[in-house]
Amino acid sequence: TVYRMRYRSLIAGLLIGVVFGSRSSEAQYTADFQTNILSGVTNNWTGDYLVGSNTFADVLLIQSIGVLSNGYGYVGYEEASSNNSVRVSDFRSLWRNVGSLYLGYFGGGNSLVISNRGLVISDNGFVGYNSASSNNSVLVTGNGSLWNNHTNLYVGYSGAGNSLIISSSGTVNSDAAYIGYNADATGNSVLVSDPGSMWKGSSLTSISGLSIGNFGACNSLVISNGGQVLGVGTVGGAASSSNNFVFVTGTNSVWKSNNGNLIIGNSGASNSLVISNGGQVNDGNTYVGGGVSPFHLSSSNNSVVVTGSGSILQMKEELYVGYSGPGNSLVISNGGSVITPNSGLL
């Protein structure tokens, strides 16, 4: 049973729908290949807004200072509802979800693009909510383009193969974040690329907790070409979360967690962090294989590689390689650097 809060409309708005011509204004799409356009007007929608309830390839366009405000937002609600898309573009264009936004609730192959200073606001964000909701995608691109989540963001809550791309100075905010939250959430990915592109906390500077493979396996975070991620991180949180990886590459590409812990393989096995070609990772303490107590003997064969001139892993406090699990490793090569005032268990 899905409980969805209903909100009273404050102002009657105008929604223009176009399906190879015009049709009556409505949020619940009634057929495949329908398009709703919100351009230069404001619509305060009563209740939840569904793009593709049980339909295929429906489109919502919010552009040219268009504004849509609603309760919960769903793109691809039912399992058969796939290949639906939302585009939010242009300065002061806004999709405001008072509740959570689900990009792929049951459906797969749905997409959201935020560009050219467009803005999307939600309480929680889910990209691939249920196990059937695979291969959904979000792209946040362009200076001033923003997806602001007041609380958590999940890329692959239970679904597989979902993705988030932040590029060309786009920004995503969330207090906490998960890539591959549940055990069946595998192969999900986030790419933060290009100068000015950033993933950070919504109210504070840093994400309070960023988990790559909370329970899921084979999930990834790539920070490249000057992209930045600000958040305390764990790669491979549970025993089921194996073969997750983070790749930080390129000059000015940074993963920074300030004074927080960075854990590669808290309980999971064969998770990895690679820092190359001038990439940097900065944190308080680094644990490679097992985090803070209790001890996790399942956290085996995790690895960190720091390679290439200018590549740096820097800690404010301590480095532990094999805090509890066996077979964990640290490799420094080709001019890479590891900077720490203290060495822990080696």
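Calculation criteria
Residues numbered from 1 in each chain as written. Predicted model: local features only at pLDDT ≥ 70, side-chain atom pairs only at ≥ 80, totals over all residues. Heavy atoms only, no water. Helix = DSSP H or I, 4+ residues; strand = E, 2+ residues; numbered from the N terminus. Buried < 20%, exposed > 50% of the residue type's maximum accessible area, 1.4 Å probe, protein only. Contact = heavy atoms within 4.5 Å. Areas by Shrake-Rupley, 256 points an atom, 1.4 Å probe, with all protein chains shown as cover. Phe/Tyr/Trp six-rings, centres within 6.5 Å; stacked < 30°, edge-to-face > 60°. pLDDT = per-residue confidence, 0-100.

Q: What am I meant to see in the overall build of the protein here?
A: Each helix and strand counted, the protein has zero helices and 37 strands in total. For the protein, the residues scored as buried account for 58% of the 346 residues in total. Pairs at least 24 apart in sequence give 81% of the contacts found in the protein among residues at least 6 apart. Entry remark: accessible area of the protein is about 13000 Å², with carbon and sulfur atoms responsible for 52%.

Q: Help me understand the packing of aromatic side chains in this model?
A: How two aromatic rings sit relative to each other is set out by the distance from centre to centre and by the angle between their planes. Summed over the entire model, instances satisfying the criterion amount to 23 aromatic pairs. Residues Y154 and Y157 carry aromatic rings whose centres are separated by 5.1 Å and whose planes lie at 85° to one another, so their mutual orientation is edge-to-face. On the basis of relative accessibility, which here comes to 9%, the residue Y154 falls in the buried class. Relative to Y178, the ring of Y154 lies with its centre 5.1 Å away and its plane at 10°, an arrangement referred to as stacked. Here the residue Y154 occupies a position in strand β17 (residues 152-155), and Y178 occupies one in strand β20 (residues 176-179), the gap between them amounting to 24 residues. Three or more aromatic residues joined by ring pairs make a cluster, and in this case those are Y74, Y77, Y102, Y105, F106, F126, Y129, Y154, Y157, Y178 and Y181.

Q: Honestly, the environment of A239 in this entry has me stumped. Any pointers?
A: Topologically, A239 is positioned in the loop between β25 (228-235) and β26 (245-249). Classification of A239 by relative accessible area gives exposed; the value is 57%. Along the primary structure A239 and A269 are separated by 30 residues, whereas in three dimensions their C-alpha atoms are 7.1 Å apart. Here A239 is in contact with S267, G268 and S298, once residues within four sequence places are set aside.

Q: Is there a simple way to explain the confidence of the model for the protein in this structure?
A: The predicted coordinates should not be examined in detail at positions where pLDDT is low. When pLDDT is averaged across the protein, the result is 89; 89% of the residues are at 70 or more. Every residue in residues 1-26 scores below 50 in pLDDT, and together they form 55 contacts with partners more than four places removed in sequence or on other chains.

Q: Explanation requested: unusual backbone geometry in the structure shown.
A: Where the residue is not glycine, phi is negative for most of them; where a peptide bond is considered, it is trans in most cases. With a phi angle near 60°, A57 is a residue other than glycine that sits in the positive phi range. Relative to the assigned elements, A57 resides in the loop between β5 (49-51) and β6 (59-63). Positive phi values are uncommon outside glycine, yet N277 reaches one of about 50°. Mapped onto the elements of the fold, N277 is located in the loop between β29 (272-276) and β30 (280-283). On the basis of relative accessible area, N277 is assigned to the exposed category, the value being 51%.

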